[in-house]
Amino acid sequence: MTFSSVDITTDKDGGTARDKKWPWFGAPIYAAAFFALFYAAVVPSFNSYPEMFTQSEEALHPDEFIGERAMKHLAELSSIGPKPAGSINNEVHTVNFLLREIQKIKDEARSDIYDIEVEKQLYTGGFYLYGFAISYENLSNVVVKISQKDSNNENYVLVNSHYDSEMKSPGAGDDGVMVVVMLETLRVISRSEKPLNHPVVFLFNGAEEARLLGAHGFITQHKWAKNCRALVNLDSTGTGGREVLFQTGPNHPWLAKYYKQSARHPYAQTLAEELFQNNFIPSDTDFRIFRDFGGVPGLDMASVVNGYAYHTKYDNYRNVESGTYQSTGDNVLPLVWALANAPELDDLQANEEGHMVFYDFMGWFMLTYTTSVSMAINIVVSVAALLSIGTSLFIMTLDNGADAPKAVIKRFGLIFLVQAGTVFGACGLTLLMALFMQGVGLAESWYHGKWMAFGLYFCPLFFATGLLPAFYIQWTKRKTHMKLDQTIACFMHAHCILLVLLCLTLTGLNIRSSYFFMIGIFFYTLSVLVQIVLKLSVKKSYFVTVHLLFQILPFLFYTYICYAIFVIFVPMEGRDGPNSSPDFLISVFIILAGIQYAGFTVPVMHKFRKPKIIFSSFGVITIIFIILAATPAGFPFAKDVAPQRYYAVHTQRTFHNLNGSITQDSGFYIQPEETRIHELEDTTFKNAESQSWMDDTCAAEPYCGLPVYRRGWINWTDSARWISSSSPALPTNKELSLKSKQQLTGNKWRYEFSLKACDRVIMYVNPFDKVSITDWSLDKTPLEEKHTPPYLVFRIYAQTEEAFNFWIELKHENDNAEGPFFKFVIVEHFIYHQEYYTDEYTNFLATFPDWSYTTDWFAALESFIF
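Residues numbered from 1 in each chain as written. Predicted model: local features only at pLDDT ≥ 70, side-chain atom pairs only at ≥ 80, totals over all residues. Heavy atoms only, no water.

1. Topic: a nonpolar patch on the surface
Reasoning step 1: Taken together, Met375, Ile379, Val383, Leu387 and Leu504 make up a surface patch of nonpolar side chains, about 410 Å² in accessible area.
Reasoning step 2: With respect to the helices and strands, Val383 occurs in helix H10 (residues 371-398). (Patch = residues over 30% accessible without salt bridge, like charges linked within 9 Å, V, L, I, M, F, W, Y side chains within 5 Å. Areas by Shrake-Rupley, 256 points an atom, 1.4 Å probe, with all protein chains shown as cover. Salt bridge = Lys/Arg side-chain N within 4 Å of Asp/Glu carboxyl O. Helix = DSSP H or I, 4+ residues; strand = E, 2+ residues; numbered from the N terminus.)

Below, the structure written as C-alpha cells:
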C-alpha cells in the first residue's frame, strides 16, 4: 500500500488539510456543555424527591405511605430534645411517646386480620466491641410484632432503627426520621388487607449511639430474636435525604433482588458497601450486631444528606430535608411488605450462597446480579473491548492515507505507552497536589465550599490527561500519515485497554466494585463497534459524534457517583480524626471517578486549535485555586452550616501515688476531630500545656491520664490540648469499695470491687510488670485473645441505684509477691448535665469561634493502685 497520491499539507497549528481543526474558542464551549449536562441532569436527579402524600388525601392513596404524618411525628419526637441512652429523655419521655403512638396504631388496626404485640424490653448484659469490654444494665427498647391471624409462620422480618441520640443532639435525622418512618410503615401495614405471610418485628432501639447496645440487648436476649430471619436496618449519617443501601447479606443475594423490585427510588452501590466494610467511613451501625451476634442477614440503609449536622445540635427537625419522609417511606414500606411475603425466609440455607453486585443509575433504575454473573460480564465486556479495538486498528491500516500495518501497530504501541504515562502522571499529580495542600496547612479547603475541589483536584487531573498527549501529537505531526481522528482514537483505545487491565485485575481479586470500571469499558466498546459498522457500511465512522453520544450515559453515571461521594464523604472528613489525610482521600475518589470519563472526553479537545494552551489553562486554574485556598474564600468552616468539630471535657483528675500521696488537678481536655488543629492556637488554646507536659503524663499514666471516651482518642493524643482550670462541679460522689482481696495460690490473687458512680463510666485496667490479668467477671475476649493492656471497660446503666459488682483475678510471675499489682482508673463521664457547668467552663466554651462546634461535657478521673 502506498500513499504517494495523498496530498498532505500542515497548517499552522500542527494539523493537516485533511485534519482541519476546530476554532480554539470551541474548547470552553465543549467543556461548558459537560458542565451544563452535569447540572441539568445529575444534580437534579440526586436531589429529586417524590411529592409528599398528605393526611387529607389519604383516602386516595390506600396502602401508601403518608409522609405528612411521619413529618408530624418527627416534630413531636425531636421536641423532646437530646436523648442519650440512660437519660430521662430517652428512657422515659421517648419511650412514652413511642408507646402512645403505637397504641394509637393498635387501636386503629384491622384487629380482624392482625395480632399486634407490644413490649418495653429492659435488658442487661455485656460483650466486647471497639476495644472495650462493655457492661450495660437496665436499658430499654420498644418492640412491636405484627402478624396475620391466619398465619402460624415462625420466621420473622426484623426492622430496626434507634431513637437515642448523641449528647446535645435532638437526633432528628439520626435516627428520628427512621423511627417515624417505621411508625408509619407499621400503621399502613396494620390497616391493609394485603397478605403478610411472615410476622414483622419492629425494634425501636434505645441505645445505638452508646456502642450498639440496644441491638445487642435484643438479639441476644429477646424471645422473638431467635425467629428473626432477615433484617432491614435504618440509620443515618446526616439530616435525612435519600437513603443509600450500602450493605447487604452477608451472602443471601435474594435480599438485594427484593430491594430492586420494591424500592421506588433506588439508591444503592456495591462500591459504598466495600468502602464501608474497609473502614473508609468513620461510623458503624446495628447491622454489625445483628450479623455477628444473631447471624441475621439483611439490608443496611442510611440517609446521607447534610452530614455536617451529624451528632450536633443542628440535627434538628428544621434541618431535615422535607423530601425525606415520602422518599424513604416509598422505599421502606414496599420493601418490608415484600420481605414479609418472601418464601426465602422459610429456607434461608437453600438461598444463602453467593454475593450480589448492585448499583443504581441516577436513581432511575437498579441493576443486580450475582458475583459469578459479574465475573462473566466483566470478562465478556473486556474481551469484546479488546476485539473491537483490534478490529478498529485493523481498519486503520486499510484506510487510504494511513500507515502500513506494522507502522500502525508500532504507532499504537507508542501511544499506549504515552497514555499509560499520562494516566499515571495525572494520578500522581493529583495526589501530589493533595499532599501539598496538607503540607502547607491548607487541607480541607473544599470542606464547606465543595466547588474548591474542582480547581484543586479535578483541574490537575484534566491538565495532565491532556497535556502529554498534546506534546506527543505536536512531536509526531510530520512523522505519521495517521489522521488526527485516528490518533485521538488510539489514545482512547489505549485508555480503554488500561481500564480493561484494571477491571480484570479487580475481578480476579473478587472485588465486586470492578463493575465501576466495566461500565466505562462497555459504553466505549459500543461506540467503537458502531463506528466500525458505519465505516464498513457507509464508509464514514462519524467518529466524534458517535463517540460523544455513547459517552453521555457513562458521564452521567460517573459524575453522579462522584457527586454522591462528595455529599457523603466530604462532611465525614470533618470527624475522621486529626491523624487522617482528608485531601489525599478526596483526591483518590476524584481520580477513581474522574479518570473514567476524562480518558474518553478530554482527548476530543485535541480537535481544537491551540490544544497545549487549552490544557495549560487547567493548570492556571489550579494555581488560582491554590491562591484562593489561602484566602477567606478557601476557609473550610462556616457558622451553623459546616462547623469545625471539637470534643471538650472539663475534667477533674485524682492520682493515687505509690508512696500513698494523692495528686489532683483539673483542666479542659480538648480533642480536635479533624486535621486543621492550628486554627485556634493563638486564641482558645493559647494557654494550653506544652507537648512535653503531655509526654510526661503519658509516661506516668494509662492513656496519658486523659478521660478517654472513644477508642480513637487513644491515637490522637498528639493533637490533644490540656488547659488548666478549677474543678468541675460534680453532681454525684463516686464510691469504689474493695470488698475483698484473696490470695488464691502463691502467685494468684482475686480482687472484688463494688462501684457506685454516674451512669457512664470508662475504666482502665493496667497490670504492672510481671503481672497479668488471668480472669475477670467482664467479657473475657481481651483476655482470651491476649490483647495488650491497658484494658478498657465501658459501663452504662439506666434508672437503677444498684452498685456495680465485679472481680478481677491476676497472676504475678513470682510466688508470694507483695504488690502493688495494677493501676485501676475510673473515669466518670457526665454527658447530659449542662446545668452543672461552672461559669469558668461556660466562659471557656464561649471562646470557641462561631464557625466551630464543641461536643462538651465534664468528667472525673481517679487513678488507683492495687
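2. A closer look at helix H6 (residues 254-262)
Reasoning step 1: If you check which residues of H6 are buried, you get Trp254, Leu255, Ala256, Tyr258, Tyr259 and Ser262.
Reasoning step 2: Buried residues in H6 make contact with strand S5 (228-236), strand S6 (243-249), strand S7 (298-303), helix H9 (324-340), strand S8 (356-361) and strand S9 (365-370). (Buried < 20%, exposed > 50% of the residue type's maximum accessible area, 1.4 Å probe, protein only. Contact = heavy atoms within 4.5 Å.)

3. Side note on the nonpolar core
Reasoning step 1: Core analysis: the largest hydrophobic core is formed by 209 residues, its most contacted members being Leu213, Phe218 and Phe822.
Reasoning step 2: In terms of residues, this core owes the most to one element, helix H15 (residues 543-572), which gives 17 residues.
Reasoning step 3: The contact partners of Leu213, leaving out residues within four places of it in the chain, are Tyr123, Phe127, Ile134, Tyr136, Leu139, Ala207, Phe794 and Ile796.
Reasoning step 4: Core analysis: the second largest hydrophobic core is formed by 63 residues, Ile189, Ala230, Val336 and Ala340 among them. (Core = buried A, V, L, I, M, F, W, Y, C linked by side-chain atoms within 4.5 Å.)

4. Concerning the packing of aromatic side chains
To describe a pair of aromatic rings, one takes the distance between the centres and the angle between the planes.
Reasoning step 1: A complete count under the given rule lists 73 aromatic pairs for this structure.
Reasoning step 2: Geometrically, the ring pair formed by Phe361 and Phe557 is stacked, given 6.3 Å between the ring centres and 5 degrees between the ring planes. Placement of Phe361 in strand S8 and of Phe557 in helix H15 is noted, with a sequence separation of 196 residues between them.
Reasoning step 3: Residue Phe361 is classed as buried on the basis of its relative accessible area, which comes to 9%.
Reasoning step 4: Under the relative-accessibility criterion, Phe557 is labelled buried at 2%.
Reasoning step 5: Aromatic pair Phe685 and Phe848: ring centres 6.2 Å apart, planes at 80 degrees, arrangement edge-to-face. Placement of Phe685 in the loop between strand S11 (662-672) and helix H18 (691-700) and of Phe848 in the loop between helix H20 (839-845) and strand S20 (852-865) is noted, with a sequence separation of 163 residues between them. Of the two residues, Phe685 and Phe848, both sit in the buried class.
Reasoning step 6: Among the aromatic side chains, those forming a connected cluster through ring pairs are Tyr359, Phe361, Trp364, Phe365, Tyr369, Tyr515, Phe516, Phe517, Phe557 and Tyr558.
Reasoning step 7: The cationic tip of Arg211 hangs over the ring face of Tyr709; the distance from NZ or CZ to the ring centre is 5.1 Å. (Phe/Tyr/Trp six-rings, centres within 6.5 Å; stacked < 30°, edge-to-face > 60°. Lys NZ or Arg CZ within 6 Å of the ring centre and 35° of its normal.)

5. Observations concerning helix H11 (residues 405-439)
Reasoning step 1: Between its first and last C-alpha, H11 extends 50 Å over 35 residues, near the 51 Å set by a 1.5 Å rise per residue.
Reasoning step 2: Immediately beyond the C-terminal end of H11, within one or two residues, lies Gly441, with a positive phi of roughly 80 degrees. (Expected span 1.5 Å × (residues − 1).)

6. Here's the deal with the packing of H6 against H9
Reasoning step 1: Interaxial distance between H6 and H9 falls to 9 Å at its minimum, and their mutual angle equals 130 degrees. Taken together, the axes of H6 and H9 are oblique relative to one another. The two elements H6 and H9 cross, and the hand of that crossing is right-handed. Where H6 approaches H9, its residues Trp254, Leu255, Tyr258, Tyr259 and Ser262 are matched on the opposing element by Asp330, Asn331, Pro334, Leu335, Ala338 and Leu339. (Axes fitted to C-alpha atoms, helices over the stretch in contact; angles between N-to-C directions. Parallel < 35°, antiparallel > 145°, perpendicular 65-115°, else oblique. Left-handed = near helix turned anticlockwise from the far one by under 90°.)

7. What to know about the pattern of salt bridges
Where charged atoms of side chains with opposite charge meet at close range, the side chains can pair.
Reasoning step 1: In total, this model carries 32 salt bridges according to the counting rule given.
Reasoning step 2: For Arg100, the salt bridge is made with Glu76, and the minimal N-O distance between the two is 2.7 Å. Placement of Arg100 in helix H3 (residues 88-108) and of Glu76 in helix H2 (residues 67-79) is noted, with a sequence separation of 24 residues between them.
Reasoning step 3: Residue classification places Arg100 among the partly exposed residues on the basis of a relative accessible area of 38%.

8. Describing unusual backbone geometry
Reasoning step 1: Going from Asp174 to Asp175, the amide bond is cis rather than trans, its omega being 10 degrees.
Reasoning step 2: Residue placement: Asp175 occurs in helix H4 (residues 172-190).
Reasoning step 3: In this model, Gly819 is joined to Pro820 through a cis peptide bond whose omega is 5 degrees.
Reasoning step 4: Of note, Glu444 is a non-glycine position whose phi angle comes to about 65 degrees, a positive value.
Reasoning step 5: With respect to the helices, strands and loops of the structure, Glu444 is situated in the loop between H11 and helix H12 (452-475).
Reasoning step 6: For Glu444, a relative accessible area of 0% puts it in the buried group.
Reasoning step 7: In this structure, Lys539 takes a positive phi of about 65 degrees despite not being glycine.
Reasoning step 8: Take Lys539: it is sitting in the loop between helix H14 (515-538) and H15.
Reasoning step 9: According to the relative accessible area criterion, Lys539 is exposed, its value standing at 59%.

These figures come from the coordinates and say nothing about function on their own.
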